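Chain by chain, the residues:
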Amino acid sequence: MRRYLRLVRIFVGATLSAQLEYRANFLGAVLASLGEVGVALLGISVLFGQPGVTQVGGWSFREALLVTGFFMLTEGVISVFIQPNMSKIAEAVRTGNMDFTLLKPIDAQFNVSTRNLNVLRFPDLLIGLGLIGYAASGLEVTSGGALAAAVLYGSAVVIVYCIYLGLSTTAFWFVKTQNVTELFSGVFGAARFPVAAFPVPVRFVLTFVLPVAFITTVPAQALTGALGGGLALASPLIAAALFLGTRLFWRYAVASYTSASS
Amino acid sequence: MAEYRAEVVIWMLSGTLSLVMMLVWMAQAAAAPGGQIRGYSAPEFATYFLSTWLVSQLLVVWVSHELDFQIRQGTLSPQLLRPVDPMWLHVASHVAERLVRIVPLLVMVGVFTWLSGASFTREWWAYPAALGLAALGFSVRFLYEYAIGLLAFWTESSASFQEVVWLVYAALGGMFAPLAFYPEWVQRVAVWTPFPYMLGLPAQLLAGKATLAQAGRGALVLLVWLAVFWVVRLIVWRVGLRKYGAVGA
């Protein structure tokens, strides 16, 4: 455990110094962050800007903004921690670099999941937290609600990580997987609105087939105290099941890996 | 292009923003008193957003990504030795992709139409008019995206510029809602840009909510912008090439 924490520190240091070399990229990253928060806010403000609309699917503007905040935060988590690592798996399989990763005396899944970091998108995390803070300041939030939201958001991050890892692991067979993760981000776009804003059959799909609802809507509900016990329990259970499933899938993929040259 | 059929379908499905907005607005209209918001009922929202989705699929341009890559990797150099402007290679691949895309696209629109209860216009002239506007819109978008891609000669952030421009295109084009739903000052700005005429207007034509006269006016605006971006692209290309040579790449 100690060793792994030390490794994380070394990885972070290495990526930091590699990325700060290109200062011009910083401007681009800021532009991209602003673009994303712009899309998110525009979608919800046009929706609430119509005459006579005060609620969307039973959610007030503040509450819906909370969901947008969690959405931005998750976009940040994906672009800072998850995407930079996962996009490299396919490349490593294609070029044969995966051999070196598998030979190292540390857990390979840990290595491919933590090696890289995109610090430049760090502002996304701050924007997301800022939006959540702003929206929550106009709502009644208990400390118990905040704690529950934090825990449930933790399992939301695990769910996102597992979906990404599962999709990227298919690279061991299909090599080109960038498209598949793109497909997930398309579906994930639905998470910028509370699931209650969708027609009933779609709501069902977003909750039980593709667990998008657990990523943004459920933590927001926990924060406002509107969450039922069933969904609160389901979120960590789904996260645990997904983690176990992707772990087994990863092991299976590594076992059937035959290197690029053979 | 036909080699990458699966990829083409996945890319089509990943452009889901208008579909997400469609579902949200349909639920909103169904819940509203009278079943309407600003005169749009749920099936009318479905028609509008499916139309924007269809048109936006025809307008897809990825040339700035490719230029970014080519300039950084230096694969642009061999293309410069040929007697044609490399732009035409990109035009050809974009047009070819559209031909591959059209059949699965129409199938998907058919399925979504059946699921959502959308109904497109019965006026025959709306279809060639919308197609013409989409073709003009594609040309405009291609040229400005090309100019943005060429920024890679100077900066590594051209991809982020492209993202921000995409936001403006999606917003003013009417991907979040029909343009009439936006605040008035936004609408007043939007009419001076090419975006409402390349995305929202052809979609409104397909939905039977725009006239032929509006289509004509939109086409004129797009032609003016086409000329502007043609010149801009040419200038950026000439100046950029000098810079590219100067590095010795």
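Owing to the predicted nature of the structure, the values given are computational and were not obtained by experimental measurement.

Observations concerning the UniProt feature "transmembrane region" (unreviewed entry) in chain B
Residue and element names in this part refer to chain B. Taken from the UniProt record, the annotation "transmembrane region" (unreviewed entry) applies to residues 45-63, 99-118, 124-144, 164-183 and 219-239. Taken end to end, residues 99-118 is 90% helix and 0% strand, and its two terminal C-alpha atoms sit 25 Å from one another. Across residues 219-239, the secondary structure splits into 100% helix and 0% strand, with the terminal C-alpha atoms separated by 30 Å.

Re a positive patch on the surface
A cluster of like positive charges, contributed by Arg-2, Arg-3, Arg-6 and Arg-9 of chain A, occupies part of the molecular surface. Position of Arg-6 of chain A among the secondary structure elements: in helix α1 (residues 2-19).

Examining helix α3 (residues 61-95) of chain A
Residue and element names in this part refer to chain A. Its 35 residues give α3 an end-to-end C-alpha distance of 49 Å, which sits within 8% of 51 Å, the value for a rise of 1.5 Å per residue. Approximately 50° is the largest bend angle found in α3, and it occurs at Ile-82, with the proline Pro-84 only one to four residues beyond. Most of α3 sits inside the fold, with 25 of its 35 residues counted as buried. Phi turns positive, to about 90°, at Gly-96, one or two residues after α3.

Concerning the pattern of salt bridges
Evaluated as defined, the whole model comprises 10 salt bridges over all chains. In this structure, Asp-107 of chain A and Arg-247 of chain A form a salt bridge, with 2.9 Å as the shortest nitrogen-oxygen distance. With Asp-107 of chain A in the loop between α4 (98-103) and α5 (108-114) and Arg-247 of chain A in helix α12 (residues 229-255), the pair connects residues that are 140 residues apart, well separated along the chain. For Arg-72 of chain B, the salt bridge is made with Asp-68 of chain B, and the minimal N-O distance between the two is 3.0 Å. You can see Arg-72 of chain B and its partner Asp-68 of chain B sitting in helix α4 (residues 63-73), 4 residues apart, about one turn around the helix. A relative accessible area of 39% places Arg-72 of chain B in the partly exposed class.

About the criteria used
Residues numbered from 1 in each chain as written. Chains lettered and ligands numbered in written order. Predicted model: local features only at pLDDT ≥ 70, side-chain atom pairs only at ≥ 80, totals over all residues. Heavy atoms only, no water. UniProt positions renumbered as here; feature names shortened; annotations may be inferred. Helix = DSSP H or I, 4+ residues; strand = E, 2+ residues; numbered from the N terminus. Patch = residues over 30% accessible without salt bridge, like charges linked within 9 Å, V, L, I, M, F, W, Y side chains within 5 Å. Areas by Shrake-Rupley, 256 points an atom, 1.4 Å probe, with all protein chains shown as cover. Salt bridge = Lys/Arg side-chain N within 4 Å of Asp/Glu carboxyl O. Lys, Arg positive; Asp, Glu negative; His and termini not counted. Charge placed at Lys NZ, Arg CZ, Asp CG, Glu CD. Expected span 1.5 Å × (residues − 1). Bend = angle between axes of the 7 residues up to and from the residue. Buried < 20%, exposed > 50% of the residue type's maximum accessible area, 1.4 Å probe, protein only.

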